[in-house]
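Structural description and commentary
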Amino acid sequence: MTKSSNTDDSAHQLWNFFASVKLSVVILLSLAMTSIIGTIIPQNESPMLYHQKFSEGLFKLFNTLDIFDMYHSWWFRFLLCMLTVNIIVCSINRLSSTWKIIFPKKPSFNINRFRKAKNRQQWSAAGSVEQVKDVTSPWLSKRFNRFTVESSENGYLLFGEKNRWTRLGIYAVHLSIILMIAGGMVGSLFGFDGFVNIPEGESVDSILRRNNQPEVKLNFKIKCDDFDLTLYESGLPKEYRSSLSLIRNDQIIIQKNIIVNDPLRFEGINIFQSSYGKIPSTETIPVNKFTVTITEKASGLIYNKKAAIETPIEMPGNSGTLVVVDFRRSIPYHGIDMPNAFLCRMDNRNGEPEHFIIPADSPRFDVMRKGDFIISINNVEFKDVVPEIQYYTGLQVTKDPGVPIVYVGFLFMIIGCYVTFFMFHQKLCIEISTDRGKTAVTVSGISEKNKPGMNAIIRRLSKQLQKLT
Amino acid sequence: MTSSEIFSIITFVYGLATLLYVFSWIFKKPLPGKIATAVTIVAVLGNLTGIILRWIESYQMGIGHAPLSNLYESLIFFAMTIALTHLFIEYRYKLRFVGMVASPIPLLAMAYASLPKVNDAIQPLIPALQSNWLITHVMTCFVGYAAFAIAFGISIMFLLKPSEGGAPSGIVSRIPDFDILDDLTHQMVMFGFLFLSIGIITGAVWANQAWGRYWGWDPKETWSLITWLIYASLLHARLMRDWKGKKIAVLSCVGFLAVIFTYFGVNLLPGLHSYQ
Ligand code: HEM
């Protein structure tokens, strides 16, 4: 044996290995079983969470096997690769014989196969052989797109055939799988899937991605002009709506309101309404400035100091600092609502900070505290703005040039499955012969794919033909 | 009458149909079988009326949407598709025995829907579900599930039937031939496979419309893919000579377990699809 025939041999073996349906069953079941893992172990969470959940050893094992992102792991991709090769090799292997069946050089019917068919139906007709042939021929040629009449020893053989092309259906199904896998690959190589939060009125031009992948820079700005949230009476969200403008070179190129099922698509980039949130307002304090009046009890001296929220005020005689922490429109105080009050904190040199409240423009209120100083707050300048709740809109921004390929795959899958499952290649033979003075009609049909279906067709056909003859 | 009242009556009608099918099977009488078919037709019509009424009721409440948005509504739709599919098989293949295995399933679905833990209120649609794809997606998925459910019932019969040569005894002997069972399982799996494929595809197109990705490995998506892969293996296993009959029946049962998990079990896992 020469070396080349050896390699030929192993190449041949490899080819046969990949052409086998057994392999495809193994791969399909492996994909099904391994896919379960990712539905039990949450995917793409932070490593912290996994550390908490799993022991050190288990974490290391899972991490090396990419279990935490298993659908993008090398071994899952390897299985998909095997599936692709399996389908391609298998299809090539069978295509030539299928092709010969669909486009035969010389169409021929083998009468012996029809005579052996189990679904044969036979009856004797009234007319002569010629008459029966003339009645059934036009009827049959209408129903079958290939129709031939041959004469036999004692009569005629009528052959009909249709739906030969449906044998291609299964290639459409298998091609669709390849298209989907290819489309998915194009998407992950040339697309991205990111998100961005934009406060109302602001704009961004770069998109964050998951899993610490680098940011994506857009060649336009996304501006959120407005965000609206509507609720049902029950308080469930009814609609999230963002008014977006895309801006390039300071010019608005496109404007659209997007809601959850209605995204904005522009130059291959899709912007989806995904979530929303409230921005903690920095403007909860509706006052700007006020005067703090400190009266020293011992000396009766009065100090007036201009102040603002959160700016420390030195107390006289180095005795500590006073901070006005916050302002409230109303504070419950001993069972009543006290309007316009300030929350204060006194940090003494030593000891615990002291917390108390001072209502605006009430010079005698602090006497009750029995401290060394009496504090009051006057000349409050209210800023007359009611702070509006500000929202940010959460947008998902994606680009996936693989989508058209995948969609063509979807179409092929549906059409291919329909054709393969519910249409089939049918061959039919009507034998008309004289049998001891009578005319005998025999109908039989062959279908490789769908024998019960063919049987039903023969039964129906022969009933109709019996009426005709 | 309200839709919920109709549904509770229908539950009993499905129960009656099941009883009649069992009766006709055990006593080998064709008449109760014929009545059972008629009762099932009544149940399906009632079921459909209930669904339409619930649709109208939702509009009267000002939150109009197709009644396919929560577990309760899906169970009721599921019951109807199964009953319809099995009527279709009866008509098409003239096989009444299918009623034996198929008719308890709508009964179970309706009974489960009436448990107190299943919320039967008409709820407004959350933004993610406000799409025309909802109807196509849910309907095609459930037609697929219904076909798989019936394939499952037939496979169980296949596994219960004593193998050839064994002494036929009792009602088990009345199970039709292996060939018929095998062929019917195959027909149902093909039917289910086509519809599950369309269901997954419409789901993917919808997800791409709503969230910008056609596939996200969410647990429900993944489990529907697992189901689909199991049935794809079944279709291929039939092409191998040594994988006939029993092994196919077992695969069909495994496939249906995956369907059940996709439908109910996934609610135990986190994700977008979980019905409350
Ligand atoms: C997810 C992947 C696949 C899907 C969804 C799929 C789907 C199908 C379907 C629906 C059928 C028709 C079965 C029937 O007529 O009952 C079929 C047949 C077939 N498949 Fe696949 N298939 C896949 C992968 C493969 C692979 C990897 C191979 C490689 C060997 C393969 C080889 C075949 C063969 C040889 C047939 C029979 C064709 C015929 O009857 O002429 N399939 N496939």
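Residues numbered from 1 in each chain as written. Chains lettered and ligands numbered in written order. Predicted model: local features only at pLDDT ≥ 70, side-chain atom pairs only at ≥ 80, totals over all residues. Heavy atoms only, no water.

1. Description of the overall build of chain B
- Within chain B one finds nine helices and zero strands.
- Put simply, chain B runs from its N terminus to its C terminus through helices and strands in the order α-α-α-α-α-α-α-α-α.
- For a compact globule of 276 residues, the expected C-alpha radius of gyration is about 19 Å, and chain B comes in at 19 Å, within 12% of that figure.
- Based on the C-alpha atoms only, the size of chain B along its principal axes is roughly 60 × 45 × 30 Å.
- Taken across its 276 residues, chain B has 60% of its residues classed as buried.
- Put simply, chain B shows about 11700 Å² of open surface, and 70% of that area lies on carbon and sulfur atoms.
- One way to put it: in chain B the 17 positive side-chain charges average out to a point 8 Å from where the 13 negative ones average out. (Helix = DSSP H or I, 4+ residues; strand = E, 2+ residues; numbered from the N terminus. Rg over C-alpha atoms; globule rule 2.2 N^0.38 Å. Buried < 20%, exposed > 50% of the residue type's maximum accessible area, 1.4 Å probe, protein only. Areas by Shrake-Rupley, 256 points an atom, 1.4 Å probe, with all protein chains shown as cover. Lys, Arg positive; Asp, Glu negative; His and termini not counted. Charge placed at Lys NZ, Arg CZ, Asp CG, Glu CD.)

2. As for the coordination of the iron atom of the ligand
- Here the iron atom of the ligand is held by A:H174 (NE2) and B:H236 (NE2), and the distances to it run 1.8 to 1.9 Å.
- Around the iron atom of the ligand sit six donor atoms, and with donor-metal-donor angles ranging over 87 to 179° the site reads as octahedral. Here the residue A:H174 occupies a position in helix α8 (residues 169-190), and B:H236 occupies one in helix α8 (residues 219-237), the pair thus bridging two chains. (Donors = N, O, S within 2.8 Å, 3.2 Å for Na, K, Ca; no water. Tetrahedral: all angles 85-135°; square planar, octahedral: opposite > 155°, others 65-115°.)

3. Here we look at the interface of chain B and chain A
- Across the contact, 44 residues belong to chain B and 45 residues belong to chain A.
- Here chain B packs against chain A, burying approximately 3900 Å² in sum over the two surfaces, 71% of which is carbon and sulfur.
- Counting every contact that joins chain B to chain A gives zero salt bridges.
- Joining chain B to chain A, the criterion identifies two residue pairs in polar contact (both at pLDDT 80 or more).
- Counting only elements with at least two residues in the side of chain B that touches chain A, the list comes to α7 (178-211) and α8 of chain B.
- When residues in the side of chain B that touches chain A are grouped by element, the largest group, 16 residues, is from α7(B).
- Partitioning the side of chain B that touches chain A into residue classes produces 32 nonpolar, ten polar and two charged. (Contact = heavy atoms within 4.5 Å. Buried area = accessible area lost by both parts, 1.4 Å probe. Salt bridge = Lys/Arg side-chain N within 4 Å of Asp/Glu carboxyl O. Polar contact = N/O pair within 3.5 Å; in protein donor to acceptor, adjacent residues only side chain to side chain. Nonpolar A, V, L, I, M, F, W, Y, C, P; charged D, E, K, R; others polar.)

4. Here we look at the sheet that holds strand β12 (residues 302-307) of chain A
Residue and element names in this part refer to chain A.
- An order of β12-β11-β17 is seen for the three strands of this open sheet, with the pairing classed as antiparallel. Looking at the sheet topology across the chains shown, the edges are occupied by β12 and β17 (373-378). Direction aside, neighbouring strands of the sheet carry axes that sit 20° apart on average.
- The pairing of strand β11 (residues 290-296) with β17 spans six bridges and is antiparallel. Note on β17: the bridge partner recorded for I294 is I375. (Pairing = 2+ DSSP bridges. Axes fitted to C-alpha atoms, helices over the stretch in contact; angles between N-to-C directions.)

5. As for the site of the ligand
- Taken together, 22 residues form the shell around the ligand, and within it A:C90, A:I170, A:H174, A:K449 and B:H236 come nearest.
- Flanking the ligand are residues from chains A and B.
- At a separation of 2.8 Å, a nitrogen atom of the ligand approaches a polar side-chain atom of A:H174.
- Between the ligand and B:H186 there is a distance of 3.2 Å, counted from an oxygen atom to a side-chain nitrogen or oxygen.
- Secondary-structure elements contributing two or more residues to the shell around the ligand are α2 (21-40), α5 (74-102), α8 and α9 (403-422) of chain A together with α7 and α8 of chain B.
- Taken together, the residues of the shell around the ligand sort by class into 13 nonpolar, seven polar and two charged. (Near = heavy atom within 4 Å.)

6. Description of the pairing of strand β5 (residues 203-209) of chain A
Residue and element names in this part refer to chain A.
- Relative to β5, strand β4 (residues 192-199) runs antiparallel, the two sharing two bridges. From the neighbouring strand, F195 faces β5, where its bridge partner is L208.
- Linkage of β4 to β5, two consecutive antiparallel strands, is achieved through a turn of three residues, within which G201 is found at a positive phi near 85°.
- The sheet contact formed by β5 and strand β6 (residues 216-231) spans four bridges and is antiparallel. Across the sheet, residue I207 finds its bridge partner in β6, namely V216.

7. Details of the domain arrangement of chain A
- Per the domain assignment, the segments of chain A are domain 1 (3-97), domain 2 (111-163 + 424-468), domain 3 (192-283 + 390-399) and domain 4 (287-382).
- Spacing between the C-alpha centres of domain 3 of chain A and domain 4 of chain A amounts to 44 Å. (Domains from an automatic or database assignment.)

8. Some points on the pattern of salt bridges
- A full pass over the atoms with the stated rule returns 14 salt bridges over all chains.
- One salt bridge in this structure joins A:D205 and A:K217, with 3.5 Å as the shortest N-O distance. With A:D205 in strand β5 and A:K217 in strand β6, the pair connects residues that are twelve residues apart, well separated along the chain.
- Exposure remark for A:K217: the relative accessible area of 63% places this residue in the exposed category.
- Note that B:E73 is salt-bridged to B:R54, the shortest N-O span being 2.8 Å. On the criterion of sequence distance, the pair formed by B:E73 in helix α3 (residues 71-93) and B:R54 in helix α2 (residues 30-60) is long-range, its members being 19 residues apart. Both residues of the pair, B:E73 and B:R54, count as buried.

9. Some remarks on the side chain of B:E57
Residues and elements named next belong to chain B.
- By secondary structure assignment, the location of E57 is in helix α2.
- Notably, E57 is buried but unbridged: the nearest opposite-charge side chain belongs to R54, and the N-O separation is 5.6 Å.
- The residues touching E57, leaving out its near neighbours within four places in the chain, are T2, S3 and I122.

10. Thoughts on the confidence of the model for chain A
- On average, residues of chain A carry a pLDDT of 83, and 94% of them reach 70 or more.
- When the elements of chain A are averaged for pLDDT, helix α1 (residues 3-19) of chain A gives the smallest value, 76, and α9(A) the largest, 94. (pLDDT = per-residue confidence, 0-100.)

11. Concerning the side chain of A:E161
- Tracing the backbone through its elements, the reader meets A:E161 in strand β3 (residues 155-162).
- Within the local environment of A:E161, its side chain forms a polar contact with the side chain of A:R164, the two groups lying 2.7 Å apart.

12. Here we look at the sheet that holds strand β15 (residues 336-348) of chain A
Residues and elements named next belong to chain A.
- In space, the four strands of this open sheet follow the order β13-β14-β15-β16, with antiparallel pairing throughout. If you trace the sheet from one side to the other, it starts and ends with β13 (313-314) and β16 (354-359), each paired once.
- Of the strand pairs in this sheet, β13 and strand β14 (residues 320-333) are connected by two bridges, and their pairing is antiparallel. Looking at the pairing, E314 lines up with T321 of β14.

13. Some remarks on the packing of aromatic side chains
- The tally for this structure, following the rule as stated, stands at 40 aromatic pairs over all chains.
- Ring geometry for B:F77 against B:F142: centres 6.3 Å apart, planes inclined by 90°, an arrangement best described as edge-to-face. Taken together, the positions of B:F77 in helix α3 and B:F142 in helix α6 (residues 133-160) put the pair 65 residues apart, joining distant regions of the chain. Residues B:F77 and B:F142 agree in their burial class; the two are buried.
- Here a set of aromatic residues connected by ring pairs shows up, and it is made of A:Y418, A:F421, A:F422, B:F191, B:F193, B:F195 and B:W228.
- Against the face of A:F144 rests A:K162, its NZ or CZ located 5.3 Å from the ring centre.
- The ring of A:F356 is capped by A:R369, whose NZ or CZ atom sits 3.9 Å from the centre of that ring. (Phe/Tyr/Trp six-rings, centres within 6.5 Å; stacked < 30°, edge-to-face > 60°. Lys NZ or Arg CZ within 6 Å of the ring centre and 35° of its normal.)

14. A word on the packing of helix α1 (residues 3-26) of chain B against α2(B)
Residues and elements named next belong to chain B.
- In contact at an axis separation of 8 Å, α1 and α2 are set at 165° when each is read in the N-to-C sense. With respect to α2, the element α1 is oriented roughly antiparallel. In the crossing of α1 with α2, the sense of the turn from one axis to the other is left-handed.
- Of the residues belonging to the contact of α1 with α2, the class tally is 18 nonpolar, nine polar and two charged. (Parallel < 35°, antiparallel > 145°, perpendicular 65-115°, else oblique. Left-handed = near helix turned anticlockwise from the far one by under 90°.)

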